[in-house]
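Remarks on the overall topology
So the chains spell out like this:
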Amino acid sequence: MTTKLIRLVFLLGLLWGMGCSQRSDTPCVCEATPVVDTALMAFLSKAKAAHHQADLLEQSGQVDAAIEVLDKVTSFTQMSDRAEVREVLADTLARLSDLRGQRGQWEESEADIRKGLELAPSGSYFEGHLYEMRGVNEERRAKAQAEQGDAEGAQTARRRAIEAFERAIQIQDSVIRRELSDEGADR
Amino acid sequence: MTVYDDKGWEELTPPTPQEVEQAQALREALEAGEDHPDADLLRSLRFLENPPPLEPRVNEWLVHRALHKMAPSHRGRWVASGVAAALALAAGVVVVLSTGPDPTTAPVVRASLVSCRSTQSLFHEPFDRHGGTSSRMDRIARDRARDYRTNLFLRGGVQP
Amino acid sequence: MRWGSENERSLPQTSKVTAVTPSDAADLLDEPRLVQRAKAGDRRALGTLLSHHGPRLYRAVLLPRLGNEARARDALSITYEKAIQHMPQYEWQPCGIYPWLRVIALRTALDMLRARRREVLFDPQDVSRELESAQASVSSSMPGLDAFHERDELDAVRAMLHDALARIHPRYATAIRLRILEDLPREQVAEQMGVTPATFDVLLHRSIASLKKVMDVRGTEGSEP
């Protein structure tokens, strides 16, 4: 009886092992969400270092060098399934847009905003910040065009700035409302 | 009597180069969440002021591990068959380990690991129009470093 | 008691969280019965008791004294193992099982503090005194009030910190409070204190040196290098 039992367990053990080893490549449902791992930490560390480097460069007036440093962060296209990566990229793009706006690079700064908006979660401070930065750049553009005597261009840029600021306020308000209602629910 | 260590802060004595170096090392360790005696001590103050709660999954994992570690032994007459059964199961395990996925990512552990998620909850007010991005990066990295250490712990009891 | 904590909202999401089930929670209303079952070898009852009291042991006892999350988790793990091992010897007390678990946790923390050369605000002698007091309370079946309320336990360790901060220069205390306890960005704190960020770094460095001096902080003796 005992011998039979041992054989049975041995067989089951082997079958279990073989079954597991031949699992398909289809991920289990519990593996669907990426976890906080070394790769994510490496990316965050890189982004952090780049922003601090950009701070120093900006402080010493080297805006182009700061843009170059931040460009290296936003050229990273992997791990886009991780929320943290998307948000860090969106925030970095908002900063890049600001720096490019300071240099009068209107098209490039708008391209950063558009890329950022694709990455930022809807109805978040990240999204609101991107719209605000669009407003800032359009405001700068309006001023520059007015100085160049392009009244019509300046008027269009001003209108776009107002729209962007309104959208930013709308988003920030909705986030704040949600925050407050969450706090209320917690009480 | 109140004890003031500095001899008159109002006229802050200029720091020595060595002090500047030490202050810089402390700042870097604090920002990067790295080991440093003074940074460790400063961080430990947070655990006196407002200790964070133990994450439920970590607690359950610790309870589960302790219960299994301290499981009572089988009765004598079952020892022989128990050993044989364990050997048989081990054979199965060998097959899994030799050809299967990394055991550290086995679903039972992986299911409890801290997932990637939005960082929105770390921020409670709209971002400043200019500046502040570096601080946000610091905040995100610091918060996730904690999750990362938890995951290391859950994966194998590794000392974070 | 409410399950979870005030920080629950910001807790990371996981694919699966094994929590104490409602039936376990209902069992806790009858802790004496749960303890009886645990003493008889019921692992589920034992697990329910540990799952319930563990988070408080971690937050109010181990983490403040050990000052490090990894060490506090290790200490909790050891506490659980000791509790399981000694459960048959535990005699039910009207105040419940928590004070007994707390004694085990304090003893574990003390062992760890003695075994490591780390700078911590809690002196092993302080913990030793706490342990003696906790043991006396448990053996006399008359635990102090502080053993019943987590808030009191937390307030006691907070008071120790506030007392230490009150003994250093107010500017130093402010630096530590804003940068460390309130976790404000370095630049913001520097601005608030009217100094440059670089000066603030020196200020914080001097603050911790000053705090260590008034607390007489030193690496605890031990064999670890």
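Parameters at a glance
- Along each chain, numbering runs from 1 in the same order as the chain's sequence is written.
- Labels are handed out in written order, letters beginning with A for the chains and numbers beginning with 1 for the ligands.
- The predicted origin of the model limits local features to residues at a pLDDT of at least 70 and limits the giving and counting of side-chain atom pairs to 80 or more, whereas totals for whole chains, interfaces and linings rest on all residues.
- Runs of E in the DSSP output that reach at least two residues are strands. Runs of H or I that reach at least four are helices, and both are numbered from the N terminus.
- Counts of 20 or more other C-beta atoms within 10 Å of a residue's own C-beta define buried residues, counts of 12 or fewer define exposed ones, and intermediate counts define partly exposed ones; C-beta atoms are placed from the backbone.
- Every axis corresponds to a line fitted to the C-alpha atoms, with the helix fit spanning only the stretch in contact, and the corresponding angles, defined between N-to-C directions, vary from 0 to 180 degrees.
- We call two directions roughly parallel when the angle between them is under 35 degrees, roughly antiparallel when it is over 145, roughly perpendicular when it lies between 65 and 115, and oblique otherwise.
- Once C-beta atoms have been placed from the backbone, residue pairs whose C-beta atoms lie within 7 Å are recorded as contacts.
- As a working rule, the residues Ala, Val, Leu, Ile, Met, Phe, Trp, Tyr, Cys and Pro are called nonpolar, Asp, Glu, Lys and Arg charged, and the rest polar, with Gly in that last group.
- The predictor reports its confidence for every residue as pLDDT, a score running from 0 up to 100.
- The nonpolar core is taken to be a set of buried Ala, Val, Leu, Ile, Met, Phe, Trp, Tyr and Cys residues joined by way of C-beta atoms within 7 Å.
- Summarising the geometry, the arc corresponds to the directions from the helix axis toward the C-beta atoms.
- Two helices that cross are described as forming a left-handed crossing if the nearer one is turned anticlockwise from the farther one by less than a right angle, and a right-handed crossing if clockwise.
- By definition here, a helix of n residues has an expected span of 1.5 Å times n minus one.

**Considerations on the overall build of chain C**
Within chain C, the regular secondary structure consists of 10 helices and zero strands. Sorting the 225 residues of chain C into buried and exposed places 42% on the buried side.

**Some details on unusual backbone geometry**
In most cases, non-glycine residues show a negative phi, while peptide bonds are predominantly trans. A positive phi angle, close to 55°, is found at Met79(A), a residue other than glycine. Relative to the helices and strands, Met79(A) resides in the loop between helix H3 (63-74) and helix H4 (83-102). Unlike most non-glycine residues, Asp183(C) shows phi in positive territory, near 55°. Of note, Asp183(C) is situated in the loop between helix H8 (170-181) and helix H9 (186-193).

**Re the packing of H8(C) against helix H10 (residues 197-215) of chain C**
Residues and elements named next belong to chain C. Viewed as axis vectors pointing N to C, H8 and H10 meet at an angle of 105°, and their least axial separation amounts to 9 Å. In terms of orientation, H8 and H10 fall into the roughly perpendicular class. Only Leu203, Leu204, Arg206, Ser207, Ser210 and Leu211 of H10 make contact with H8, whose side of the interface consists of Tyr172, Ala175, Ile176 and Arg179. Residue composition of the contact of H8 with H10, by class: six nonpolar, two polar and two charged.

**Re the environment of Asp98(A)**
Inspection of the secondary structure assignment puts Asp98(A) in helix H4. Considering only alpha carbons, one finds Asp98(A) and Ser109(A), 11 residues apart in sequence, at a separation of 7.0 Å. Apart from the residues within four sequence positions on either side, Asp98(A) is in contact with Met133(A), Val136(A) and His130(B).

**Re the confidence of the model for chain C**
Residue and element names in this part refer to chain C. When pLDDT is averaged along chain C, the result is 77, and 75% of the positions lie at 70 or above. Across residues 218-225, where pLDDT falls below 50, the model places 18 contacts with residues more than four positions away in sequence or in other chains. Scored by ipTM, the complex comes to 0.76, with pTM at 0.54.

**Section: the nonpolar core**
Ranked by internal contacts, the top residues of the largest apolar core, which has 119 residues, are Leu62(C), Ala75(C), Ala105(C) and Ala109(C). Once residues within four sequence positions are removed from consideration, Ala75(C) is found in contact with Leu62(C), Leu66(C), Ala105(C), Thr108(C), Ala109(C) and Met112(C).

**Structural notes on helix H2 (residues 31-39) of chain C**
Residue and element names in this part refer to chain C. Inspection of H2 places Leu34, Val35 and Ala38 among the buried residues, and these make up the whole buried set. Down the axis of H2, the buried side of the element spans an arc of 100°, and every buried residue falls inside it. Every exposed residue of H2 that faces more than 90 degrees away from the buried side is listed here: Pro32 and Arg33. Residue Gly41 follows H2 closely and has a positive phi angle near 100°.

**Let's talk about the packing of H4(A) against helix H5 (residues 106-119) of chain A**
Residues and elements named next belong to chain A. Packing of H4 against H5 leaves a shortest axis separation of 8 Å and a crossing angle of 165°. Taken together, the axes of H4 and H5 lie roughly antiparallel to each other. In this structure, the crossing between H4 and H5 has a hand that is left-handed. On the side of H4, the interface is formed by Arg86, Leu89, Ala90, Leu93, Ala94, Leu96, Ser97, Arg100 and Gly101, while H5 contributes Glu108, Ser109, Asp112, Ile113, Lys115, Gly116 and Leu119. Taken together, the residues of the contact of H4 with H5 break down into seven nonpolar, four polar and five charged.

**With respect to the environment of Glu31(C)**
Relative to the elements of secondary structure, Glu31(C) occurs in helix H2. Taking the C-alpha atoms as reference, Glu31(C) lies 9.6 Å from Trp92(C); in sequence the two are 61 residues apart.

**As for the confidence of the model for chain A**
Per-residue confidence for chain A gives a mean pLDDT of 82; residues scoring 70 or more make up 80%. Overall, residues 8-31 of chain A carries pLDDT values under 50, and its contacts beyond four positions in sequence, including any with other chains, amount to 33 contacts.

**Examining H5(A)**
Residue and element names in this part refer to chain A. Between its first and last C-alpha, H5 extends 20 Å over 14 residues, near the 20 Å set by a 1.5 Å rise per residue. Residues of H5 that are buried include every one of Ser109, Asp112, Ile113, Gly116 and Leu119, and no others. The buried residues of H5 all sit within an arc of 120° when viewed along its axis, so they share a single face. Opposite the buried face of H5, by more than 90 degrees, sit the exposed residues Glu107, Arg114 and Glu118.

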